[in-house]
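Descriptive analysis of the structure
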Amino acid sequence: QVQLVESGGGLVQPGGSLRLSCAASGTGFRINVMRWYRQAPGKQRELVAAATSSGTTNYADSVKGRFTISRDDVKNTVYLQMNSLKPEDTAVYYCNADVSHSIFWSNDYWGQGTQVTVSS
């Protein structure tokens with residue numbers, strides 16, 4: 001059983017910055033991949049960034065150079081540093097974790113989502 005709790009969303013002006021956090025809690029699990037998704041009104045959910053346990057990171061083209069995903073495996077927390085924010089970044093951002101509970105059991109878990117609004 002793993003629970004993801006997000007924080008850090010809010011209202012920011014264009015060009016500003018926000019830092020999202022997602023903390024994973026539970027016992028007997030290992031996080032393989034942590035991801036950030038976002039979903040804007042009327043649009044499909046899209047993958048924003050991902051970070052593997054080996055340190056590899058990947059980003060959607062729309063956020064490359066502006067967003068940075070990072071992991072703190074001691075705290076079981078993933079962050080999304082968002083700089084140079086644009087109105088089109090406005091969306092609900094969701095944390096997702098690919099978790100191994102055993103050799104034979106892996107699950108995906110989702111956070112509740114946090115609203116990011118970029119507007120003047």
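Refer to the structure above for everything that follows.
Residues numbered from 1 in each chain as written. Predicted model: local features only at pLDDT ≥ 70, side-chain atom pairs only at ≥ 80, totals over all residues. Heavy atoms only, no water.

Here the structure, examined in full by the defined rule, presents one disulfide. Here Cys22 is linked by a disulfide to Cys95, with a sulfur-sulfur distance of 2.2 Å. Disulfide Cys22-Cys95: the torsion about the S-S bond is -80°, which places it as left-handed. Taken together, the residues Cys22 in strand β3 (residues 18-26) and Cys95 in strand β9 (residues 91-102) connect sequence positions 73 residues apart. Of the two residues, Cys22 and Cys95, neither departs from the other in class, the shared state being buried. (Disulfide = S-S within 2.5 Å. Helix = DSSP H or I, 4+ residues; strand = E, 2+ residues; numbered from the N terminus. Buried < 20%, exposed > 50% of the residue type's maximum accessible area, 1.4 Å probe, protein only.)

Once that is clear, we can look at the pattern of salt bridges. For side chains of opposite charge, pairing can occur when their charged atoms come near one another. Applying the stated criterion across every chain, the model contains six salt bridges. The salt bridge involving Arg38 is made with Asp89; its shortest N-O contact spans 3.0 Å. Of this pair, Arg38 sits in strand β4 (residues 30-39) while Asp89 is found in the loop between β8 (77-82) and β9, placing the two residues 51 residues apart along the sequence. Arg38 gets classed as buried once you look at its relative accessible area, which sits at 5%. Salt-bridge contacts for Lys64 lead to Asp61; the nearest nitrogen and oxygen are separated by 3.1 Å. Using a relative accessible area of 66% as the deciding quantity, one classes Asp61 as exposed. Residues participating in the shared-partner salt-bridge network are Arg38, Glu46, Arg66 and Asp89. (Salt bridge = Lys/Arg side-chain N within 4 Å of Asp/Glu carboxyl O.)

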